[in-house]
Every structure is written in C-alpha cells, then in structure tokens.
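What follows is each chain in one-letter form.
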Amino acid sequence: MTPVAASWLPLSPGERSVAIEVLLGGPLSRTELARRLDLSAGSLTRLTKPLIESGLLVEVAEAGAPAETRQGRPSQPLDVVAESRSFIGFKVTEDMVYGVVTTLRSEIVARYDRPLTDREPAAVVEVLGEMTEALAAAHPRLAGIGIGVGGLVEDRSVVGESPFMGWRDVPLAELVEERTGLPVVVENDVAALVEAETWFGAGRGLERFVVLTIGAGIGYGLVLGGKRVPYAEEDRGFGRHWIVDPNGPLTPDGARGSAVSLLTIPNIRYQVQVGTGRDRTYEEILELAAAGEPMSARVIEEAARALGTLVAQIGNFVLPQKILLAGEGVGLMDVAGKTVTETIRAQRHPLAAPIDLETKVSDFHDWARGAAVLAIQVLVLGATDA
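Residues numbered from 1 in each chain as written. Predicted model: local features only at pLDDT ≥ 70, side-chain atom pairs only at ≥ 80, totals over all residues. Heavy atoms only, no water.

Considering helix H9 (residues 282-291)
Every α-helix winds through 3.6 residues per turn, so residues three or four apart in the chain are directed the same way.
Phase 1: Looking at H9, one finds that the buried residues are Tyr282, Ile285, Leu286 and Ala289. For H9, the angular spread of the buried residues around the axis is 100°, confining them to a single face. Opposite the packed face of H9, turned more than 90 degrees from it, sit the exposed residues Glu287 and Ala291.
Phase 2: Against the buried residues of H9 lie helix H8 (265-276), helix H10 (294-318) and helix H11 (332-346).
Phase 3: Gly292 sits one or two residues past H9 and shows a positive phi near 95°. (Buried < 20%, exposed > 50% of the residue type's maximum accessible area, 1.4 Å probe, protein only. Helix = DSSP H or I, 4+ residues; strand = E, 2+ residues; numbered from the N terminus. Arc of directions from axis to C-beta. Contact = heavy atoms within 4.5 Å.)

Structural notes on the environment of Gly99
Phase 1: One can find Gly99 in strand E4 (residues 96-102).
Phase 2: On the basis of relative accessible area, Gly99 is assigned to the buried category, the value being 0%.
Phase 3: A C-alpha to C-alpha distance of 9.7 Å links Gly99 and Asp366, two positions 267 residues apart in sequence.
Phase 4: Apart from residues lying up to four places away in sequence, Gly99 is in contact with Gly89, Phe90, Ala110, Arg111, Tyr112, Asp113, Met131 and His365.

Overview of the pairing of E4
Phase 1: With six of its seven residues buried, E4 lies for the most part within the structure.
Phase 2: Here six bridges tie strand E3 (residues 86-92) to E4, and the two strands are oriented antiparallel to one another. Bridge assignment links Gly89 to a residue of E4, and that residue is Val100.
Phase 3: Hairpin connection, E3 to E4: the antiparallel pair is bridged by three residues.
Phase 4: Pairing between E4 and strand E5 (residues 108-115): seven bridges, direction antiparallel. (Pairing = 2+ DSSP bridges.)

Things to note about the confidence of the model for the protein chain
Phase 1: Confidence along the protein chain averages 88 in pLDDT terms, with 91% of residues attaining 70 or more.
Phase 2: Counted against residues more than four places away or in other chains, residues 1-6, with its pLDDT under 50, gives 18 contacts. (pLDDT = per-residue confidence, 0-100.)

Observations regarding the pattern of salt bridges
Phase 1: A complete count under the given rule lists 19 salt bridges for this structure.
Phase 2: The residue Lys91 makes a salt bridge to Asp189 at a minimum N-O spacing of 2.3 Å. Here Lys91 is found in strand E3, whereas its partner Asp189 is found in helix H6 (residues 189-200), with 98 residues between them in sequence. Judged on exposure class, the residue Lys91 and its partner Asp189 are both buried.
Phase 3: Connected through salt bridges with shared partners, the residues Glu21, Glu32, Arg35 and Arg36 form a single ionic network. (Salt bridge = Lys/Arg side-chain N within 4 Å of Asp/Glu carboxyl O.)

Here's what the structure looks like:
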C-alpha cells in the first residue's frame, strides 16, 4: 500500500487555515471565507488555487441558485472533497481492536473489529496489519491510519506507558508503518476522542468545552480557545487521586473515595461483589439498581453522586459552555440521572447558569473515529498543533 496523502503536503500556514475552515464550515463562499480569515480576495485566490489543483477543495454550485445565475468562478462556493480520501481509525483495548474507515469529514463508512488474544506489541501490530489489508481491499484510497490507545503517548508515535496493555516504550507508529506502508499517528484514546468532538461533534465551534469519560477508567479532556489542552499527566490515572468523597469506598484501584474508586466499571462491580458475594456485569448491576435491589442501588447512587460532584467541580472552575459525558459507563445516567442532576445543583451557586451536560451513548467505534480524525488533522492537513 502506497501513501497517497503526500500530494497535499506540505501545506503552508495560510493554505492550512483555508483548508481547515472549509473542512469544518463548508461549503463557503469566497466572500465568507475571506471574511472569516481576514484575507483579501487576491490572497484567498492565491491560497485556494493549489488546494483546488491538488483535489483537496472543489468549487460547487451554490445551493438553491438557478442554473443561469451560477456564472463566474468567483461566485462558486468552495467545499472539501470528503470522499476523495479515506482514513482508518483503530481503538485498541486489552481484548479487542475496533476499526473504522472514515471520509475526510470523519463520516464512518465501514466498521471492522477483531479480538486480541495476545497483547504483545508484535502480535497487536500483526492484527492491525491484517485489518488494514482487509479494509484497503474495499477502500483503496487510504491516506493514513490513526490509532488510539489507553495510556501515555509521546510524540504521537510511541506508547510510553499503557497499563491496559502492559506496554512501555513501544514505537507503535513506526511498527505499524513498516507493516502497512501507510503513515500512522498514535494518540491517547481520550485525547483523540476530544479532538473528534471538537472538530466534528458536540464541541464544534465552542471556545470552552470538556469531555468526561467513564468506563474502565476516568478520562478528562479540556478545550480552551477551541483547542485541546495537552497535559503531562494525560491518562496517568489522575482520577485515582481526584477525591470525591473522603469517606467513600476503598477499592483495589484508586485512593479512598476517589473518582476511580466510585465511578469506574471494575470498581463498581468490585463493590457489589464484596457486598453480595456475587460477580455481576455492569449492565446487571444497573438493572438491579433500577429494580431497587439494595446493594446495587446503593453503589449506583454513590456513583451518581460522585459523577454529579465531578461535573459541578468542572463547571465551577472551568466555566465550560458544554460538558460531554461519554464512555461505556454512561448507562449510569439512565438509572440515576436524577441524582446526578440534584448533586450538580447542590454544589453550584444558586444563581449559576445551568451546566449544559450532554450524554453521548456511544461505543468503541466512536473512539476509533477519534483516532481517524487525528490522522486527518496531522497527516493530511499538517495541523501538528491540533
């Protein structure tokens, strides 16, 4: 497989600004595009010409305009050719690889998953290579691969530490590039999800935006000025020390009363098992809590209060325009959403504006899509500061 994105690179800073603006807001008239980017008509023409010639942008007929008025190139809006290239996104978990193929606008056009029976890097790379070959057969215009992994990722290429996979200092991007022949970007899975929601999802167009994920762990992502804020502690388990209730439970994973102890699926299951002697799935616990079974109901209520406390604290200190709650644990809201809402209200100023809390019912394909968005940002647009 030969990389095909190189014909679009390198983009100059001006070309990149134009491409991103059209990607996120197109189709856009040249007048509107020039206004948004504070460019003269001549400068805009100079910047858009190579983008059109390379096939990244295209002139389209103005929607609703009669044919006789569609005259003259300057009047034609510009849009991205979304189907001109495809991107693979992978989300790697401890027992599965979830894969998607997306367009340039991150629309998922294919899904393909494979189980992981061996977490050794060489074995995982081989699975990723086989999946890429299968996807490339149906989508031959692949421009690159994005991979999301739970853990600390350095330079968007090396998995420095991944407790879920038991990895340290694995040059994953290099290994997968050698196996597939395609350019690869690797990122922390929560960071990739935040980028996707910022560019194409719930955070689109917002200056201050937060993503909070609950599931196997606790994930947090902050967007300020429309850009994700990277931080050194990314996915190093800060939720283990985010104390929500000092008198809360002590679990195998996390300090007493921490967000991890109260909210993560493994620790919710652990609390119920200790209290009842029975090992239940998260879904079973939610069903039992909804039916009023005492131990499950108590654990889920504690988790709901912990979540409400977290959301209130984020709202009080970050002042976000929206908080997106995602992850495989969001079923908590269906059973105990009222407790979450009441806790948020109790821990906010009485005159504070309500927090815009959006719950996203999703699966791991959304996380894989986030990895594909990273590939779009970095490999195609050259947006290294995304």
